[in-house]
Amino acid sequence: MKIVMLGAPGAGKGTQAARIAEKYGIPHISTGDIFRYNLKNGTELGKKAKEYMDKGELVPDELTCEIVADRIFMDDCAKGYILDGFPRNIPQGRYLTDVLTKADQKIDFAIDVEVPDENIVKRMSGRRACPNCGATYHIVNIPPKKEGICDTCGTELIQRADDKAETVKKRLDVYHDATQPLIDYYKELGVLKTVDGTQPMNDVFEDICKILED
Ligand code: ADP
Ligand code: AMP
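For clarity, every value in this text was computed on a predicted model and none was experimentally measured.

Draft legend 1. Examining the nonpolar core more closely. By size, the foremost hydrophobic cluster in this structure holds 49 residues, and its most contacted members are Ile-3, Met-5, Ile-20, Ile-72, Leu-83, Leu-96 and Tyr-186. If you tally residues by element for this core, the top one is helix α9 (residues 201-213), at six residues. Apart from the residues lying within four places of it in its own chain, the contact partners of Tyr-186 are Val-4, Leu-6, Pro-87, Gly-93, Leu-96, Ile-107, Ala-110, Val-191 and Leu-192.

Okay, structure coming up:
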């Protein structure tokens with residue numbers, strides 16, 4: 001079960017990917033989380049990625065593609081995986097297809113979580129993330145049990161630096177220009193599935209599970 005999550009920033013890809021990963025016992029691979037982990041740990045990759053992330057731009061493909069190519073062939077990916085935030089443009093999509101083809105593999109499902117731009121800003125301004133385990137909440141829609149504290153690991157939640165309004169606007173522009181063309185790319189490969197991401201979290205999850213189990 002090799003899955004790619006598509007959708008605008010804030011559409012709910014990470015929220016759903018975490019639940020799918022748990023239910024089906026496959027790893028959740030988020031390039032955004034990988035960059036944030038490197039940033040937190042002060043690695044060279046983290047320092048380079050920060051420049052782009054702060055501006056809401058894409059980190060260059062040279063820094064991104066190889067990380068994914070290494071990760072998806074690790075032992076825990078043998079049963080499948082769920083990619084969240086990658087690919088983010090057509091060259092990354094083609095790169096992924098090429099490395100998989102060479103290994104006689106392919107993406108089975110590309111799930112597009114559809115949410116209109118007008119809902120995105122509210123979602124991103126209310127998003128809170130756990131800097132320790134990566135769990136994601138929303139102050140109104142999906143609040144933690146105790147305000148400001150991660151349900152899973154008890155760490156204090158933070159607002160992501162790139163969730164401020166100006167950066168969100170830039171990230172949405174980047175999404176429409178660079179990422180949205182991947183919807184047609186995966187449609188042509190015959191693996192595109194679409195879900196209505198404006199529904200409550202549990203309903204979106206049910207729709208995705210139906211797709212995966214059909
Ligand atoms: P992405 O990974 O696509 O950037 P997230 O999964 O981080 O998006 O979700 C963005 C914000 O929207 C988070 O605050 C999350 O808690 C909230 N959210 C996710 N799914 C839903 C939903 N179905 N309805 C309302 N809010 C949601
Ligand atoms: P995300 O957590 O998916 O919202 O990603 C946060 C930021 O990390 C993005 O705005 C980009 O700067 C960077 N990023 C994440 N994934 C990619 C990718 N596949 N290609 C380029 N940049 C990425």
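Draft legend 2. Main features of the pattern of salt bridges. Counted under the stated rule, the structure contains 13 salt bridges. Among the ionic pairs, Asp-33 bridges to Arg-36, the shortest N-O distance being 2.9 Å. Separated by three residues within a single helix, Asp-33 and Arg-36 lie in helix α2 (residues 31-40), roughly one turn from each other. For Arg-36, a relative accessible area of 26% puts it in the partly exposed group. Residue Lys-47 pairs with Glu-44 through a salt bridge whose shortest N-O separation is 3.6 Å. Placement of both Lys-47 and Glu-44 in helix α3 (residues 44-55) is noted, with a separation of three residues, approximately one turn of the helix.

Draft legend 3. Molecular detail of the side chain of Thr-179. Along the chain, Thr-179 turns up in helix α7 (residues 165-179). Reaching out from Thr-179, the side chain makes a polar contact with the backbone oxygen of Arg-88 at a distance of 2.8 Å. Apart from the residues lying within four places of it in its own chain, the contact partners of Thr-179 are Pro-87, Arg-88 and Val-174.

Draft legend 4. The arrangement of the site of ligand 2 in detail. Taken together, 16 residues form the shell around ligand 2, and within it Thr-31, Arg-36, Glu-57, Gly-85 and Arg-88 come nearest. The separation between a nitrogen atom of ligand 2 and a polar side-chain atom of Gln-92 is 2.9 Å. At 3.0 Å, a side-chain N or O of Arg-160 approaches an oxygen atom of ligand 2. When ligand 2 sits alone it has 480 Å² of accessible area, and the protein chains cover 96% of it. With four residues, the single largest contributor to the shell around ligand 2 is α2.

Calculation notes
- Residues numbered from 1 in each chain as written.
- Chains lettered and ligands numbered in written order.
- Predicted model: local features only at pLDDT ≥ 70, side-chain atom pairs only at ≥ 80, totals over all residues.
- Heavy atoms only, no water.
- Core = buried A, V, L, I, M, F, W, Y, C linked by side-chain atoms within 4.5 Å.
- Buried < 20%, exposed > 50% of the residue type's maximum accessible area, 1.4 Å probe, protein only.
- Helix = DSSP H or I, 4+ residues; strand = E, 2+ residues; numbered from the N terminus.
- Contact = heavy atoms within 4.5 Å.
- Salt bridge = Lys/Arg side-chain N within 4 Å of Asp/Glu carboxyl O.
- Polar contact = N/O pair within 3.5 Å; in protein donor to acceptor, adjacent residues only side chain to side chain.
- Near = heavy atom within 4 Å.
- Areas by Shrake-Rupley, 256 points an atom, 1.4 Å probe, with all protein chains shown as cover.

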